[in-house]
Amino acid sequence: QLQASGGGLVQAGGSLRLSCAASGRTFSSYVMGWFRQAPGKEREFVAYITPSGGNTYYADSVKGRFTISRDNDKNTAYLQMNSLKPEDTAVYYCAAANPKVWTSTVYAQRAWYDYWGQGTLVTVSS
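Residues numbered from 1 in each chain as written. Predicted model: local features only at pLDDT ≥ 70, side-chain atom pairs only at ≥ 80, totals over all residues. Heavy atoms only, no water.

Caption draft 1: Region of interest: unusual backbone geometry. Here the phi dihedral of N75 falls at roughly 55°; this positive angle occurs in a residue that is not glycine. Residue placement: N75 occurs in the loop between β7 (66-71) and β8 (76-81). By relative accessible area, which is 18% here, N75 ends up buried. Of note, S83 is a non-glycine position whose phi angle comes to about 50°, a positive value. By the element assignment, S83 lies in the loop between β8 and β9 (90-97). (Helix = DSSP H or I, 4+ residues; strand = E, 2+ residues; numbered from the N terminus. Buried < 20%, exposed > 50% of the residue type's maximum accessible area, 1.4 Å probe, protein only.)

Caption draft 2: Region of interest: the pairing of β9. Of all eight residues that make up β9, seven are buried, and the element is covered over most of its length. Note that strand β4 (residues 31-37) and β9 share seven bridges and pair antiparallel. What sits directly across from Q37, in β9, is V91. Examined bridge by bridge, β9 and strand β11 (residues 120-125) share three bridges and lie antiparallel to one another. Note on β11: the bridge partner recorded for V91 is L121. The sheet contact formed by β9 and strand β10 (residues 115-116) spans two bridges and is antiparallel. In the strand pairing of β10, A96 is matched with Y115. (Pairing = 2+ DSSP bridges.)

Caption draft 3: Representation of the nonpolar core in the model. In terms of nonpolar packing, the biggest core is built from 39 residues, with M32, W34, L79, M81 and Y92 touching the most fellow members. For this core, the elements supplying multiple residues, two or more each, are β1 (2-5), β3 (16-22), β4, β5 (44-49), β7, β8, β9 and β11. Per-element accounting of this core gives the leading share, six residues, to β9. What M81 contacts, discounting residues up to four positions off in sequence, is G14, S15, L16, L18, R65, F66, Y92 and V122. (Core = buried A, V, L, I, M, F, W, Y, C linked by side-chain atoms within 4.5 Å. Contact = heavy atoms within 4.5 Å.)

Caption draft 4: Representation of the packing of aromatic side chains. If you walk through the whole model with that rule in mind, you get 13 aromatic pairs. Residues F45 and Y57 carry aromatic rings whose centres are separated by 5.9 Å and whose planes lie at 40° to one another, so their mutual orientation is tilted. Of the two residues, F45 is situated in strand β5 and Y57 in strand β6 (residues 56-58); the sequence distance between them amounts to twelve residues. For Y57, a relative accessible area of 28% puts it in the partly exposed group. Seen in terms of ring centroids, Y107 and Y113 are 6.2 Å apart; in terms of plane orientation they differ by 85°. Their pairing is edge-to-face. Three or more aromatic residues joined by ring pairs form one cluster here, namely F35, F45, Y48, Y57, W102, Y107, W112, Y113 and W116. Lying over the aromatic face of Y93, R43 brings its terminal NZ or CZ to 3.6 Å of the ring centre. One cation-aromatic arrangement involves R43 over W116; the distance from NZ or CZ to the ring centre is 5.0 Å. (Phe/Tyr/Trp six-rings, centres within 6.5 Å; stacked < 30°, edge-to-face > 60°. Lys NZ or Arg CZ within 6 Å of the ring centre and 35° of its normal.)

Below, the structure written as structure tokens:
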């Protein structure tokens, strides 16, 4: 089970940190990803991090502004979001994937994820 938190209302240029708490003893074996869905749009990839935390991958739209990380001792993944823009407004979802194949782009696709959290709303005002 995944529980996302940390969303809220922030002004453009501000920062937020999202958290994704996972239950279970196998958190450290999962790829953790963040996706987002803006009103009227499809859910899109934001970032993912490999099980050990050694590799990360970002959507071009957030590269250089967002940082994904994880603490396997705490069973928690994070998304630090800086320099927020109004177009970052969305419901943010965390997800976990039991890695079956490995290429850098596979886990940017929703279909590879096994578990999803409930989402947390981020609103960026201009």
